[in-house]
Structure formats: C-alpha cells, structure tokens
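Below, each chain spelled out in residue letters.
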Amino acid sequence: MKFNTECLHAGYRPANGEPRNIPIIQSTTFRYETSAEMGMLFDLEKEGYFYTRLQNPTSDAVAARICALEGGSAAMLLSSGQAASFFAVFNIASAGDHVVASSAIYGGTYNLFAVTMKRMGIDFTFVDPDCSEEELAAAFRPNTKALFGETIANPALTVLDIEKFAKAAHAHGVPLIVDNTFATPYLCRPFEWGADIVTHSTTKYLDGHAAAVGGAIVDSGNFDWEKYADKYPGLTTPDDSYHGITYTKKFGRGGAYITKAVAQLMRDFGSTPAPMNAFLLGLGIETLPLRMEKHCSNALAIAEHLERHPKITWVRYAGLPGDKYHTLAEKYLPKGACGVVSFGVKGGRAAAEKFMNGLEIASVATHVADAKTCVLHPASATHRQMNDEELAAAGVSPDLVRFSVGLEDVEDLIADIDRALERV
Ligand SMILES: *Cc1c(COP(=O)(O)O)cnc(C)c1O
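This one's a predicted model, so the numbers in the text were calculated from it and none came from an experiment.

About the criteria used
Residues numbered from 1 in each chain as written. Predicted model: local features only at pLDDT ≥ 70, side-chain atom pairs only at ≥ 80, totals over all residues. Heavy atoms only, no water. Helix = DSSP H or I, 4+ residues; strand = E, 2+ residues; numbered from the N terminus. Rg over C-alpha atoms; globule rule 2.2 N^0.38 Å. Buried < 20%, exposed > 50% of the residue type's maximum accessible area, 1.4 Å probe, protein only. Contact = heavy atoms within 4.5 Å. Areas by Shrake-Rupley, 256 points an atom, 1.4 Å probe, with all protein chains shown as cover. Lys, Arg positive; Asp, Glu negative; His and termini not counted. Charge placed at Lys NZ, Arg CZ, Asp CG, Glu CD. Phe/Tyr/Trp six-rings, centres within 6.5 Å; stacked < 30°, edge-to-face > 60°. Lys NZ or Arg CZ within 6 Å of the ring centre and 35° of its normal. Axes fitted to C-alpha atoms, helices over the stretch in contact; angles between N-to-C directions. Left-handed = near helix turned anticlockwise from the far one by under 90°. Salt bridge = Lys/Arg side-chain N within 4 Å of Asp/Glu carboxyl O. Domains from an automatic or database assignment. Buried area = accessible area lost by both parts, 1.4 Å probe. Polar contact = N/O pair within 3.5 Å; in protein donor to acceptor, adjacent residues only side chain to side chain. Pairing = 2+ DSSP bridges. Near = heavy atom within 4 Å. Nonpolar A, V, L, I, M, F, W, Y, C, P; charged D, E, K, R; others polar.

## Here we look at the overall build of the protein
Counting secondary structure elements, the protein contains 16 helices and 12 strands. Taking 22 Å as the expected radius of gyration for a compact globule of 424 residues, we find that the protein reaches 22 Å, a close match to that expectation. Seen through its principal axes, the protein has C-alpha atoms that stretch 70 × 55 × 35 Å. Counting only residues that meet the buried cut, the protein has 56% of its 424 residues in that class. Look at the contacts in the protein between residues 6 or more apart in sequence, and 73% of them connect residues 24 or more apart. Working note: accessible area of the protein is about 17,000 Å², and carbon and sulfur atoms make up 52% of it. Charge separation in the protein, taken as the distance between the mean sites of 38 positive and 50 negative side-chain charges, equals 1 Å.

And the structure:
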C-alpha cells in the first residue's frame, strides 16, 4: 500500500462483520480458559493480551499503523512523547553509559537528558547539529550507546542532516535515534536516510487535533545489536527479570528492541496510553497527508508574508529559499517544512508579548502542531528552565515567537497577524 492508503488501513483490517473503525478495547484485562495458557503469555512463549499496562489491541493496531508509515519493523505506543524519548534511550543505556545528542532538541527532552537522566547516571554530550563530521566524531566515547537528534527541531526549526548523523553513529557502532515529531512520516522517513530508531510525540501532528497526549517508538530493525553484543548486554544476554529470555535470539533484529522496551520498561514504568487516546490517534492519522499538505502551504504563505513585514526582524522557516536550512529541507523535506514558523518582532521580548496578546484567531497555548493556529513565546514558557547560554545552544533567542500555523483560511491568519502587529 502507498502512504495515503496506509494512513487509513495499515494496522487494522476488520474481518467479515467486524467494526469498520479500530475498536476501543477499554479493558484492563483479558480472560483465559486455563492458567497454563496465561503462563505461556507471561513467558512470551505465546502471543496474546493479558494486561493493558503491557499491551492492548487498540494501541497495538495504531502502533502498527505508525510502524507502516515509518517503514519500520516494530513499534509501540506510549502515554507521552516524553515517555517515548526516555524509553528509547533508557532501553539501551544505563548508569555509567554516555549518549551524544544534538543541542537543538525540544526543551523537555533537553531537561530529561541533561538533568533527570543524568541523575540516573547517564552522561550526555550535546553537539551543535551543524557541526563538522570531525566535531561530531570527537563527541563519542568508548561508553557511548546512542546518538540522538530531531528532524525539525522544536522550536529552533533547524533541519537535521540525518545522513551525517547516521554515518557518525554507525562509525562508532551505535544507533541513531531521531525524534520525527514535527516532520511526521508524511514529510520525512528518517529510516530512508540511515536512522535506526524513530520517536514521536504523537500529541502533535499525528493526532493533529490537540485531543490526546501520546508517544510512539518505531524500530527500523536495521541495527545489528549482536555485532556490538558487548555494548548492548540488555538485548544480547539473558534477561533474568524476564525468565532468562535473550531478546535478540528470540525476536531477531527486527523485534528485539521493541519487545524489550515493552516487556521490561513498560512493565516497570507503566507509561501506557489509554485505549481511548490510542483510538483518537488512529483517527487523526487517517487525515495526516491532507492536513500536512495544508499546514505546509499555509505556513509557507505566512513565512513569506512575515519576511516582507517591516515590524518583523527575522523569520526562520526551512521552506523559505533564503533560510539557512533550505538546502537540507530540499533534501529531507521535499514535500514541505511543516506548519511551524518562528520569528522575531521588532522591539524584542516585550514586543513579542504585545504581539501575542493582540492575536484574536491564534490562541496563546503551550501547544504546537495541531489543526488550530497557536502561538508561544518559548523563552518564557517551555524553555524557561534554560539560561541564556543553553537557550542559544538550543537555537532559541529571547525574542523568538513560535507560530504554529493551523488549517484555517490563510487570509484570516494573515489578517490576524497584521492586526496584532499594528498594535505593537
Ligand atoms: C512535544 C514534544 C515532545 C514531548 O512530547 P509530549 O507528548 O508533550 O510528552 C518531544 N519531542 C518533540 C519534538 C515535541 O515537540
């Protein structure tokens, strides 16, 4: 199936007389005839559902849909994008290990890595995503377990050179994990450029309607864990906490990573999505291609308008021919550069706030990438825990306004922007 068809049909095919939509299986547990059968499920000897904290049919259908869209071998849903970023890294790194990450990543991910996971004993080195191959190589250590980056960084809107990152990761025998939230598989499929694992905050475009917080992890099945068995004992040696299973032996290259994340991390951390939220996500994905096309064309029109506006000091949108990331966008995002535009208002921070207060259609919200236009000042909201130096490294200037262009008529949005700018 091609992409549009997969958005509607992948992951769930009803049998004769069954519900046309993915059913919401709102049940914590599943009934079995015998306790022996249940035992086989616990031993991963047999496939089946027994407790929704680990797996649920609604979530699995939607995970399979996202897996197909990314072109992966296995996938799982989680309760949030934060849980996805945490699981993706913690599944292969623990105390004493080290991870290299792009400095242009979502503020919440930065905090998770630099503060919380550091407290768990995992060291992170942050690199400028635009650094040279030599600088990137220099960030690796013998105990490095992964390289992490974001396709289109939130909110810096830098475009990741995925091939450069994949090459560096593989030269050092570690997988490249890419947060593909802003691009979605409609605009970019990181596996095609060498990424090994993809994460999502499905809260954004995949759901698309600001209805449910959620996350996803997809494995490409390409990374050869066995080749670096010493580095990844959690995947390549028996798991005592799971009846002595060796994930790579039992589930192969395509299934080991996700099975371990479900059997071990989901069991212990319980970051499970509600079946209802998984259903909403599946529904949102059905219209992903149509929505992304409109988000991109609206955003480009607004970026072009802002570029010409005398009260705007700078505009960042990789879809603009003059943008620093336009060449990378032409390569990795040929269908568009998503719906998020960032810019500075003449007069800095105070002017940015005044502008935002003057908007009538666009709402001030700690959200991004959904059907309705919203706007945020990251330096005083999502990134307020960062100092000026960290903000600069994350590509967030104090005057940056993040404008998430929705699906409204673009003429209405431009009129709203112009009205608000007149009041600044
Ligand atoms: C929002 C976001 C996250 C975190 O996702 P939640 O669903 O809010 O937990 C991670 N990465 C990116 C790029 C995001 O935009």
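After presenting the structure, the write-up continues.
## A few points about the packing of aromatic side chains
Following the criterion strictly, the structure yields 21 aromatic pairs and no others. Aromatic pair Phe 182 and Tyr 205: ring centres 6.5 Å apart, planes at 65°, arrangement edge-to-face. Residue Phe 182 is located in the loop between strand 5 (176–179) and helix 8 (184–187), and its partner Tyr 205 is located in the loop between strand 6 (197–201) and strand 7 (215–219); the two are separated by 23 residues in the primary sequence. Exposure remark for Phe 182: the relative accessible area of 2% places this residue in the buried category. Put simply, the rings of Tyr 110, Phe 113, Phe 124, Phe 126 and Phe 148 touch in pairs and so form one group of aromatic residues. Directly above the ring of Tyr 106 sits Lys 204, whose terminal nitrogen or CZ lies 5.1 Å from the centroid. Looking at Lys 335, its charged tip hangs above the ring of Phe 3, at a distance of 5.7 Å from the centre.

## A few points about the packing of helix 12 (residues 288–308) against helix 16 (residues 410–422)
The N-to-C vectors of helix 12 and helix 16 enclose an angle of 30°; their axes lie 10 Å apart at closest approach. Between helix 12 and helix 16 the crossing geometry is right-handed. Here Asn 298, Ala 301, Ile 302, His 305 and Leu 306 of helix 12 come into contact with helix 16, specifically with Val 410, Leu 413, Ile 414, Ile 417 and Asp 418.

## Quick word on the pattern of salt bridges
What the rule picks out here adds up to 17 salt bridges. The partner of Arg 267 in a salt bridge is Asp 268, and the shortest N-O contact between them spans 2.7 Å. Among the charged side chains, a salt-bridge network with shared partners connects Glu 360, Asp 416, Arg 419 and Arg 423.

## Section: the domain arrangement of the protein
Here the protein is described as being made up of domain 1 (3–283) and domain 2 (288–422). Put simply, the middle of domain 1 and the middle of domain 2, counted by C-alpha atoms, are 28 Å apart. On the side of domain 2, 41 residues touch domain 1, which itself brings 39 residues to the contact. Summing both partners gives a buried area of about 3,400 Å² for domain 1 against domain 2, and 66% of it is carried by carbon and sulfur. Three residues stand out in domain 1 for area buried against domain 2, namely Tyr 186, Leu 187 and Tyr 205, and they jointly supply 24% of the buried area on that side. Counting every contact that joins domain 1 to domain 2 gives 2 salt bridges. Of the charged contacts, one joins Lys 324 and Asp 130 as a salt bridge, the two residues approaching to 3.3 Å between their closest N and O atoms. Taken together, the connections running from domain 1 to domain 2 amount to 14 residue pairs in polar contact (both at pLDDT 80 or more). Elements supplying a minimum of two residues to the side of domain 1 that touches domain 2: helix 1 (3–9), helix 5 (107–119), helix 7 (162–171) and helix 8.

## Concerning unusual backbone geometry
Glycine aside, residues mostly have negative phi, and peptide bonds are mostly found in the trans state. A cis amide bond links Asn 154 to the next residue, Pro 155, at an omega of 5°. Relative to the assigned elements, Pro 155 resides in the loop between strand 4 (144–150) and helix 7. Here the phi dihedral of Leu 157 falls at roughly 65°; this positive angle occurs in a residue that is not glycine. Mapped onto the elements of the fold, Leu 157 is located in the loop between strand 4 and helix 7. Judged by its relative accessible area of 3%, Leu 157 is buried. Located in the positive-phi region is Cys 338, a residue other than glycine, with phi close to 75°. Along the chain, the position of Cys 338 falls in the loop between helix 13 (326–332) and strand 9 (340–345).

## Quick word on the environment of Val 405
Note on placement: Val 405 falls in the loop between strand 12 (400–404) and helix 16. Judged by relative accessible area, which is 0%, Val 405 ranks as buried. In the structure, Val 405 is positioned 260 residues away from Lys 145 in sequence and 37 Å away in space, judged by C-alpha atoms. Excluding residues that lie within four positions of it along the chain, Val 405 makes contacts with His 295, Asn 298, Ala 299, Ile 302, Gly 339, Val 341, Asp 370, Thr 373 and Leu 413.

## Some thoughts on the sheet that holds strand 7
Strand pairing in a sheet relies on backbone hydrogen bonds. The paired strands run either parallel or antiparallel. An order of 1-7-6-5-4-2-3 is seen for the 7 strands of this open sheet, with the pairing classed as mixed. Each having just a single partner strand, strand 1 (74–78) and strand 3 (123–127) make up the two edges of the open sheet. Taking each pair of neighbouring strands and ignoring which way they run, the sheet shows an average axis angle of 20°. Taken strand by strand, helix 3 (residues 57–70) contacts strand 1, strand 6 and strand 7, and its axis lies near 130° from that of strand 1. Set on the sheet, helix 5 makes contact with strand 2 (98–102), strand 3 and strand 4; between it and strand 3 the angle comes to about 150°.

## Overview of the site of the ligand
As a structural note, the neighbourhood of the ligand is formed by 14 residues, with Asn 154, Asp 179, Ser 201, Thr 203 and Lys 204 the closest of them. Here an oxygen atom of the ligand and a backbone polar atom of Gly 81 are 2.9 Å apart. For the shell around the ligand, the residue count by class is 3 nonpolar, 8 polar and 3 charged.

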